[in-house]
Amino acid sequence: ISSKVAEKVGRPSILLFGLALTISMIVFLLNWDRSPNLALLLTLGGLWGLADSCWNQHLAALCGVLFRGAEQEASFSNFAVFQGTGFSLSFAFSQHFHGRLDGIHVKMILILICLPIAVLFYLSVEWRVYKRRSLRVRNEYELSKLHSDSEDCTYEEN
C-alpha cells in the first residue's frame, strides 16, 4: 500500500510521516502511566508497526535506487547488518542502564535525539538523488533537442 502512496507523494513524505508517527509514539510512551488497557496496547502496536514499515520499506527502496547490479546486493546486506548491529547495541546498552536508570526511557530518549539527525541525513541523500536525476533528464532533453535541430537543417546542393 505504501508503495502506491509513495508514487503519489514521494518517498520523503512517507519517511517524514514515519518520523512524525514515531516521535509522537515515543512522546506518548514516555508520558504513559502504563495502565493495562488491551485496546490501547493493540493500537500502540499497530501504530508502531505502521511507523516501522515506513522506515524499513522506504530505506530499502532508497538502497535499490542508489545502487545497481552487484552493488545492490551488498547495499541490502549492509542495510541488514547495520540494522542487526543497532539491535545488538540496544540490547547491550539495556544491560548497562538496568538498575541505574529506566533503560527503556533512556533508549527512547536516545531515539528522540538520533532520529531527527538520521532523517536530515536521509533527506540530504534524497536531495542529491533528485538533483542527479533532474540533471540527467535535463541533459537528455538538451541532447534530444540538439539532435532534432540538426535534423531540421537541410543542406541544398548546387
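A quick note: this is a predicted structure, and the numbers were derived from the prediction, not measured.

Criteria and cut-off values
- As a convention, each chain's residues are numbered from 1 in the sequence order in which they are written.
- Confidence filtering applies because this is a predicted model: local features only for residues at pLDDT of at least 70, side-chain atom pairs given and counted only at 80 or more, and all residues used for totals across whole chains, interfaces and linings.
- Hydrogen atoms and water are omitted, and side-chain values are computed over all heavy atoms in the structure.
- Comment: elements are numbered from the N terminus, with helices defined as DSSP H or I runs of at least four residues and strands as E runs of at least two.
- Partly exposed describes any residue whose relative accessible area lies between the buried limit of under 20% and the exposed limit of over 50%, with all areas from a 1.4 Å probe on protein chains only and scaled to the type maximum.
- Accessible surface area values rest on a Shrake-Rupley calculation with a 1.4 Å probe, where residue burial reflects the displayed protein chains alone.
- Axes here mean lines fitted to C-alpha atoms, for a helix over just the part in contact, with angles spanning 0 to 180 degrees between N-to-C directions.
- Take the far helix as the reference: if the near one is turned anticlockwise from it by less than a right angle, the crossing is left-handed, and if turned clockwise, right-handed.
- When residues are grouped by polarity, Ala, Val, Leu, Ile, Met, Phe, Trp, Tyr, Cys and Pro land in nonpolar, Asp, Glu, Lys and Arg in charged, and all others, Gly among them, in polar.
- Under the rule applied, a polar contact is a pair of N or O atoms within 3.5 Å (in protein, one hydrogen donor and one hydrogen acceptor; residues adjacent in sequence only if both atoms are side-chain atoms).
- Throughout, a contact is declared for two residues whenever any of their heavy atoms are within 4.5 Å.
- For each structure, a 1 Å grid was placed over the protein atoms alone; sets of points admitting a 1.4 Å probe that cannot get out are labelled cavities, open sets with protein on both sides within 12 Å along at least five of seven lines are labelled pockets, and lining residues have an atom within 4 Å of a point.
- Grid points are joined across faces, edges and corners, and a volume is the space filled by probe spheres set on the points.
- For a helix, the expected span equals 1.5 Å multiplied by the number of residues minus one.
- Pairs were defined over the aromatic rings of Phe, Tyr and Trp, the Trp ring being its six-membered one, requiring ring centres within 6.5 Å. Orientation was assigned from the angle between planes: stacked under 30 degrees, edge-to-face over 60, tilted for the rest.
- Two distance rules govern patches: like charges are joined within 9 Å, and nonpolar side chains (Val, Leu, Ile, Met, Phe, Trp, Tyr) within 5 Å, applied only to residues with over 30% relative accessible area and no salt bridge.
- Salt bridges are identified by distance alone: a Lys or Arg side-chain nitrogen within 4 Å of an Asp or Glu carboxyl oxygen.
- Per-residue confidence from the predictor is reported as pLDDT, a score between 0 and 100.

**Student:** How should the overall build of the protein be read in this particular structure?
**Tutor:** Scanning the protein from terminus to terminus reveals five helices and zero strands. Moving toward the C terminus, one meets the helices and strands of the protein in the order α-α-α-α-α. When the 158 residues of the protein are sorted by exposure, 21% land in the buried category. For the protein, the exposed area adds up to about 11700 Å²; of that, 65% sits on carbon and sulfur atoms.

**Student:** What is the right way to read the packing of helix H2 (residues 11-31) against helix H3 (residues 38-66) from this model?
**Tutor:** Pairs of packed helices are described in terms of their axes, by the angle between the two and the distance that separates them. Contact geometry for H2 and H3: axes closest at 9 Å, N-to-C directions at 145 degrees. Considering the relative orientation of H2 and H3, their crossing is left-handed. When its residues are assigned to classes, the contact of H2 with H3 shows 21 nonpolar, three polar and one charged.

**Student:** Honestly, the side chain of Arg11 in this entry has me stumped. Any pointers?
**Tutor:** Looking at the element boundaries, Arg11 is found in helix H2. Given the relative accessible area of 17%, Arg11 is considered buried. At 2.8 Å, the side chain of Arg11 and the side chain of Glu126 are in polar contact. Ignoring anything within four residues of it in the chain, the contact list for Arg11 reads Ala6, His58, Ala61, Leu62, Val65, Tyr122 and Glu126.

**Student:** For this particular structure, what's the right way to read the layout of surface pockets?
**Tutor:** Gaps left between atoms show up when a probe the size of a water molecule is rolled over them. For the largest pocket, the calculated volume is near 1600 Å³. Surrounding the largest pocket, 38 residues form its lining, Gln83, Gly86, Phe87, Ile111 and Leu115 being those nearest its centre. Those elements that place two or more of their residues in the lining of the largest pocket are H2, H3, helix H4 (70-97) and helix H5 (103-152). The biggest single contributor to the lining of the largest pocket is H5, with 12 residues. Looking at the lining of the largest pocket, its residues break down into 28 nonpolar, eight polar and two charged.

**Student:** Please clarify how H2 should be interpreted in this entry.
**Tutor:** Because an α-helix packs 3.6 residues into every turn, residues spaced three or four apart end up facing the same way. In this model H2 runs 30 Å from its N-terminal to its C-terminal C-alpha over 21 residues, within 8% of the 30 Å that 1.5 Å per residue would give. Here H2 has its buried residues at Arg11, Ile14, Leu15, Gly18, Leu19, Leu21, Thr22, Met25 and Ile26.

**Student:** Could you clarify how one ought to interpret the packing of aromatic side chains in this entry?
**Tutor:** What describes a pair of aromatic rings is the distance from one ring centre to the other and the angle between the planes of the rings. This model, assessed by the stated rule, comprises two aromatic pairs. With 6.3 Å between their ring centres and 25 degrees between their planes, Phe28 and Trp32 make a pair best called stacked. By relative accessible area, Phe28 is classed as partly exposed at 36%. For Trp32, a relative accessible area of 19% gives the class buried. Here Trp127 and Tyr130 contribute two aromatic rings whose centre-to-centre distance is 5.6 Å and whose plane-to-plane angle is 35 degrees, an arrangement assigned as tilted. Pair noted here: Trp127 and Tyr130 are both in helix H5, with a separation of three residues, about one helical turn. On the accessibility criterion, Trp127 (52% relative accessible area) is exposed.

**Student:** For this particular structure, what's the right way to read a nonpolar patch on the surface?
**Tutor:** Taken together, the side chains of Ile109, Leu110, Ile113, Ile117 and Phe121 present a nonpolar region at the surface, about 490 Å² in accessible area. With respect to the helices, strands and loops of the structure, Leu110 is situated in helix H5. Residue classification places Leu110 among the partly exposed residues on the basis of a relative accessible area of 39%.

**Student:** Honestly, the confidence of the model for the protein in this entry has me stumped. Any pointers?
**Tutor:** Regions with low pLDDT carry predicted coordinates that are not meant to be interpreted in detail. In the predicted model, the protein carries a mean pLDDT of 81, and the fraction of residues at 70 or more is 83%. Here helix H1 (residues 2-9) stands out as the element of the protein with the lowest mean pLDDT, 75, in contrast to H2, whose mean of 89 is the highest.

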